Amino acid sequence: MALRITVVGVGMVGEQIVSILRERNFPMEWPPRVCATRERSEVLAGENLLVEETSEDSFKGADFVFFAGREGAEGASVTWRSVAEAEGAICVDNGSDFRMDPNVPLVVPEVNLDAIGPENKFIASPNCSTIQMVITLHPLHRVAKIRRVIVSTYQSVSGWGVRANEQLIEQTPKALEDLDDIPFDPTVLARPIAFNYIPHIASFTEDGYTKEEMKMVKETQKIMGDESIRITATTVRVPAFVGHGESINIETEKKLTADEAREILSKSPGIVVLDELNPENPRNDPLERIYPTALDIRKYRDEVLVGRIRQDKTIENGLNLWCVADNLRKGAALNVVQIGEGLIAKGMVKL
Ligand SMILES: NC(=O)c1ccc[n+]([C@@H]2O[C@H](COP(=O)([O-])OP(=O)(O)OC[C@H]3O[C@@H](n4cnc5c(N)ncnc54)[C@H](OP(=O)(O)O)[C@@H]3O)[C@@H](O)[C@H]2O)c1
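Quick caveat, the model's predicted, so the values are computed rather than measured.

Novice: Explanation requested: the nonpolar core in the structure shown.
Specialist: A general trend in soluble globular proteins is that nonpolar side chains are found buried together. Judged by nonpolar contacts, the single largest core of 51 residues is most densely connected at Val65, Phe67, Leu140, Val149, Ile248 and Ile250. Per-domain counts for this core show at least three residues from each of domain 1 (5–126 + 332–345) and domain 2 (130–327). Setting aside residues up to four positions removed in sequence, Ile250 forms contacts with Leu137, Leu140, Ile146, Arg148, Val149, Ile315, Asn317, Gly318, Leu319 and Leu321. The next biggest cluster of nonpolar side chains, apart from the first, holds 35 residues, and it includes Val13, Val92, Ala332 and Leu334.

What follows is the structure, given as structure tokens:
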């Protein structure tokens, strides 16, 4: 039986969900029902598709609903979750509204697909920066038990959504004219982003962290099933369109050498290690290594790329790493489609 799918939201993530369902031959009736805040037609997965205004009708007969709307009280999953569930659909949500609900599994298939039980009809997908971090940390945690994580992120504008991408495009020529007078919309990003970086993602909490930073802490502990891991984060927006980078420092209970970590990670699902001497040696430096950058996700679209693995010489059992992933694909759309595939593989959704 071909599954009936509804995708709610056709912004940066929703558009990718539709493409990925097509690319991976998800066992579904094509096209999916696609809905947003207003009706129009849009080119999605290379086809002109009707986008409906979301209504109760959008969920009729749906087997799966992928939510990729905005978050909060008027957001897509808060508004429509109960309607979708009443229709008997399994829901997978990209937003943060239900991630920390103890009755909602928070899932990265490479790490904790087994968190989903037969009773779970609503599943949350983590924040983009959390997903690539847990895929990198989980295999190391299993071998050496991670005690502490210090992470700093370099997050692309698409992580905010369509309007932040537009801000970078609009600001770039203006910034080239006059760096002191770059028009910007503070309701999107708090400062101009062209030729800049901003250590402020989501709103601040009373203790001076941001909600994005606290998501990385809480979500990682929930997915890895270990609240004893101490995590501290600084999240920064950078002027790249797609692709988040993360500098991660870990302290482990058992010692791991950089070579051992490289070996473990290179055998782990969803990871490509790019960390060896650069065979091309273009800068005439015999020690120059290869490492991932945001543009490398154009080649490695679905994996988390890990490089710069090295010993932290300031502590007994410490490592430094660098990881990069496509925040719209593995950080969001691909993760939810893989959750759907995982449910089918577990027999929780009958074809
Ligand atoms: N961007 C990322 O890297 C990323 C990563 C992980 C998770 N997420 C999460 O994924 C979700 C989507 O993010 P995005 O970046 O794709 O945002 P976006 O580009 O701003 O797009 C949001 C989409 O949701 C629709 N929408 C908003 N409120 C709605 C509602 N109440 N009912 C139905 N549709 C609604 C919008 O409709 P219109 O088109 O009609 O305005 C738009 O199509 C958010 O929850 C976000 O936090 C994003």
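Novice: I would appreciate a short explanation of the site of the ligand in the present structure.
Specialist: If you check the shell around the ligand, you find 30 residues, and the closest are Val10, Val13, Thr37, Arg40 and Glu71. Note that an oxygen atom of the ligand is positioned 3.2 Å from one of the backbone N or O atoms of Gly11. Contact distances for the ligand include 2.9 Å between a nitrogen atom and a backbone N or O atom of Ser158. Mapped onto the shell around the ligand, the elements with two or more residues apiece are helix H1 (12–23), helix H2 (76–86) and helix H8 (329–345). Broken down by class, the residue content of the shell around the ligand amounts to 12 nonpolar, 13 polar and 5 charged. Two domains each donate at least three residues to the shell around the ligand, and these are domain 1 (5–126 + 332–345) and domain 2 (130–327).

Novice: Got a minute to help me understand the pattern of salt bridges in this structure?
Specialist: Pairing between side chains of opposite charge can happen when their charged atoms approach one another. Across all of its chains, the model carries 21 salt bridges by this definition. With a closest N to O distance of 2.8 Å, Glu341 and Arg24 form a salt bridge. With Glu341 in helix H8 and Arg24 in the loop between H1 and strand E2 (33–36), this pair connects stretches of sequence that are 317 residues apart. Taking the relative accessible area as the measure of exposure, Arg24 reaches 31% and is therefore partly exposed. As a salt-bridge pair, Asp275 and Arg289 come within 3.0 Å of each other at their nearest N and O atoms. Of this pair, Asp275 sits in the loop between strand E11 (271–273) and strand E12 (304–311) while Arg289 sits in the loop between E11 and E12, and the two are 14 residues apart along the sequence. Owing to a relative accessible area of 30%, Arg289 belongs among the partly exposed residues under this scheme. Among the ionic contacts, a cluster of salt bridges with common partners joins Glu23, Arg301, Asp302 and Arg329.

Novice: Whenever I open this one, the side chain of Glu213 confuses me. Can you help?
Specialist: Inspection of the secondary structure puts Glu213 in helix H6 (residues 211–224). If near-sequence neighbours (up to four positions away) are discounted, Glu213 is found in contact with Ala233, Thr234 and Thr235.

Novice: What exactly am I supposed to notice about the domain arrangement of the chain here?
Specialist: It is common to give the size of an interface as the accessible area that goes away when the parts come together. Segmenting the chain into domains produces domain 1 (5–126 + 332–345) and domain 2 (130–327). Of note, the centres of domain 1 and domain 2, computed from C-alpha atoms alone, are 25 Å apart. Listed by partner, the interface residues are 22 residues for domain 1 and 20 residues for domain 2. Taking both partners together, domain 1 and domain 2 bury about 1,700 Å²; carbon and sulfur atoms supply 64% of that area. Among the residues domain 1 hides against domain 2, the three largest losses belong to Met12, Glu110 and Val111. Together they make up 33% of the total. Between domain 1 and domain 2 we count 2 salt bridges in total. Between Glu219 and Arg99 there is a salt bridge, with the nearest N and O atoms lying 2.9 Å from each other. If you list the elements that add at least two residues to the side of domain 1 that touches domain 2, you get H1, helix H3 (109–112) and H8.

Novice: Would you take a moment to explain a negative patch on the surface for this structure?
Specialist: Taken together, the side chains of Glu177, Asp178, Asp180 and Asp181 make up a negatively charged region of the molecular surface. Residue placement: Asp181 occurs in the loop between helix H5 (162–177) and H6. Residue class for Asp181 comes out exposed when judged on its relative accessible area of 53%.

Novice: Can you help me understand the environment of Ile135 in this one?
Specialist: Within the secondary structure, Ile135 sits in helix H4 (residues 128–144). Since its relative accessible area comes to 2%, Ile135 is described here as buried. Spatially, the C-alpha atom of Ile135 lies 7.4 Å from that of Val304, the residues being 169 residues apart in sequence. Excluding anything up to four places from it in sequence, Ile135 contacts Val108, Glu110, Val111, Pro269, Gly270, Ile271, Val304 and Lys330.

Novice: What should I look at first to understand the pairing of strand E9 (residues 230–234) in this one?
Specialist: Side-chain positions along a regular strand alternate between the two faces of the sheet. Of the two faces of E9, the one lined by Ile231 and Ala233 is fully buried and the one lined by Arg230, Thr232 and Thr234 carries no buried residue. As paired strands, strand E8 (residues 146–154) and E9 are joined by 5 bridges and run parallel to one another. Counted as the bridge partner of Ile150 is Thr232 from E9.

Criteria and cut-off values
Residues numbered from 1 in each chain as written. Predicted model: local features only at pLDDT ≥ 70, side-chain atom pairs only at ≥ 80, totals over all residues. Heavy atoms only, no water. Core = buried A, V, L, I, M, F, W, Y, C linked by side-chain atoms within 4.5 Å. Buried < 20%, exposed > 50% of the residue type's maximum accessible area, 1.4 Å probe, protein only. Domains from an automatic or database assignment. Contact = heavy atoms within 4.5 Å. Near = heavy atom within 4 Å. Polar contact = N/O pair within 3.5 Å; in protein donor to acceptor, adjacent residues only side chain to side chain. Helix = DSSP H or I, 4+ residues; strand = E, 2+ residues; numbered from the N terminus. Nonpolar A, V, L, I, M, F, W, Y, C, P; charged D, E, K, R; others polar. Salt bridge = Lys/Arg side-chain N within 4 Å of Asp/Glu carboxyl O. Buried area = accessible area lost by both parts, 1.4 Å probe. Patch = residues over 30% accessible without salt bridge, like charges linked within 9 Å, V, L, I, M, F, W, Y side chains within 5 Å. Areas by Shrake-Rupley, 256 points an atom, 1.4 Å probe, with all protein chains shown as cover. Lys, Arg positive; Asp, Glu negative; His and termini not counted. Charge placed at Lys NZ, Arg CZ, Asp CG, Glu CD. Pairing = 2+ DSSP bridges.

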